[in-house]
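Now for the letters of each chain:
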Amino acid sequence: MKTSSDAGSLKRGVVLLKLLATAGRKGLALTELATKAQLPHPSAHRVLGQLVAEKLAVHSTETRRYRLGPLAFELGVAGSTMHDIRDLCDGAMSELARETGDTVYLVVRSGFDAVCMHRREGEFPIRALVLEVGSRRPLGVGAGGLAILAAIPDEERAEIIERVAPSLPAFGKLTAQDLAEACQLSREEGSAVIQNRVSLGVRAVGVAFHDSMGQAVGALSVAALTQRINQRRTQQIAGLLRKATQEVEVLMRKRTRV
């Protein structure tokens, strides 16, 4: 029989796991975790010890920081089969394809990569099929991946850029500095725009969406021939994408509550 103490420990464990989920590879120190979770140090330390014992968290004796453990990843992989978001995005993507006439992509974050999960094609006869479903690229290379990267907190984003830097020159001689500047511009504009980076003659616009914890987990993007997306139409498409991603976020929150 579960006691009130067990329920309290479970609740505190969930709070700490959510904090670790936002901490990235660097992790968080005990003091930071206790403060953010509004827990006494002894309680936070005890619950973290339980999480470490169950491999839901790991503790570095060198840095004295905690990070998500391997079991959290394994559970996430298992849960992804039950929480596939393609069905949540399909309606918005179909509407975008109808309104723009162009190709709409769904990309999701997978570690340091952006993976294409779904695609909807518009009616314009010349289509920008720049991504195959299942393909992956470093975060920041395509419009969707750039939108996701730009929406990630500064410190974690800098770590990601450093990690993917060696693979960037293959994409239009892209550099880490270029990517950092593109992220800043995307944050200022509220959308990510790329042109001729991956495919010559193609311009793409992307907007990220967030899960119920506020994490940037994916993005919707529209790609077309550069002649079809001038500056004015770029802004129009960005507005349509923002509306579509808001709809996706609502559906994600509803699913989380079920």
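Residues numbered from 1 in each chain as written. Predicted model: local features only at pLDDT ≥ 70, side-chain atom pairs only at ≥ 80, totals over all residues. Heavy atoms only, no water.

1. Structural notes on the overall build of the chain
Argument step 1. Broken down by element type, the chain carries nine helices and nine strands.
Argument step 2. Seen through its C-alpha atoms, the chain measures out along the principal axes to roughly 65 × 40 × 30 Å.
Argument step 3. Out of the 258 residues in the chain, the part that is buried amounts to 41%.
Argument step 4. Restricting the contact set of the chain to residue pairs at least 6 apart, pairs at least 24 apart contribute 57%.
Argument step 5. Carbon and sulfur atoms make up 53% of the accessible area of the chain, which totals about 14,000 Å².
Argument step 6. Charge centroids of the chain, computed over 35 positive and 27 negative side chains, lie 2 Å from each other. (Helix = DSSP H or I, 4+ residues; strand = E, 2+ residues; numbered from the N terminus. Buried < 20%, exposed > 50% of the residue type's maximum accessible area, 1.4 Å probe, protein only. Contact = heavy atoms within 4.5 Å. Areas by Shrake-Rupley, 256 points an atom, 1.4 Å probe, with all protein chains shown as cover. Lys, Arg positive; Asp, Glu negative; His and termini not counted. Charge placed at Lys NZ, Arg CZ, Asp CG, Glu CD.)

2. Focus on the packing of helix α2 (residues 30-37) against helix α3 (residues 41-53)
Argument step 1. In contact at an axis separation of 9 Å, α2 and α3 are set at 110° when each is read in the N-to-C sense. Judged by the angle between their axes, α2 and α3 are roughly perpendicular. Two secondary-structure elements touch here, α2 through Leu-30, Thr-31, Leu-33 and Ala-34 and α3 through His-41, Ala-44, His-45 and Leu-48.
Argument step 2. Its residues assigned to classes, the contact of α2 with α3 comprises five nonpolar, three polar and no charged. (Axes fitted to C-alpha atoms, helices over the stretch in contact; angles between N-to-C directions. Parallel < 35°, antiparallel > 145°, perpendicular 65-115°, else oblique. Nonpolar A, V, L, I, M, F, W, Y, C, P; charged D, E, K, R; others polar.)

3. Here's the deal with the sheet that holds strand β6 (residues 136-138)
Argument step 1. Strand order in this open sheet of six strands is β6-β5-β4-β9-β8-β7, and the pairing throughout is antiparallel. Here the strands that pair on one side only, and so sit at the sheet edges, are β6 and β7 (192-195). Across the sheet, the mean angle from the axis of one strand to that of its neighbour is 30°, orientation sign disregarded.
Argument step 2. Here strand β5 (residues 113-120) pairs with β6 via three bridges, running antiparallel. Bridging from a neighbouring strand, Ala-114 pairs with Arg-137 of β6.
Argument step 3. Against the sheet, helix α5 (residues 86-100) contacts β4 (103-110), β5, β8 (202-210) and β9 (216-225), and its axis sits at roughly 65° relative to β5.
Argument step 4. The strands that helix α6 (residues 143-150) touches are β4, β5, β7, β8 and β9; relative to β9, the one it contacts most, it runs at about 145°. (Pairing = 2+ DSSP bridges.)

4. Section: the environment of Thr-35
Argument step 1. On the secondary structure map, Thr-35 appears in helix α2.
Argument step 2. A relative accessible area of 54% places Thr-35 in the exposed class.
Argument step 3. Within the structure, the side chain of Thr-35 is placed 2.8 Å from the backbone oxygen of Thr-31, a separation counted as a polar contact. (Polar contact = N/O pair within 3.5 Å; in protein donor to acceptor, adjacent residues only side chain to side chain.)

5. Quick notes on the packing of aromatic side chains
Each pair of aromatic rings is reported with the distance of its centres and the angle of its planes.
Argument step 1. By the definition in use, this model includes zero aromatic pairs.
Argument step 2. For the cation-ring pair, Arg-228 lies above Phe-124, with the distance from its terminal atom to the ring centre recorded as 3.8 Å. (Phe/Tyr/Trp six-rings, centres within 6.5 Å; stacked < 30°, edge-to-face > 60°. Lys NZ or Arg CZ within 6 Å of the ring centre and 35° of its normal.)

6. Remarks on the packing of helix α7 (residues 154-164) against helix α8 (residues 176-189)
Argument step 1. Put simply, α7 and α8 touch, their axes get as near as 10 Å, and they point 145° apart. The handedness of the crossing between α7 and α8 comes out as right-handed. Residues Asp-154, Arg-157, Ile-161 and Val-164 of α7 touch α8, and the partners they reach there are Ala-176, Leu-179, Ala-180, Cys-183 and Arg-187.
Argument step 2. For the contact of α7 with α8, a count of residues per class yields six nonpolar, no polar and three charged. (Left-handed = near helix turned anticlockwise from the far one by under 90°.)

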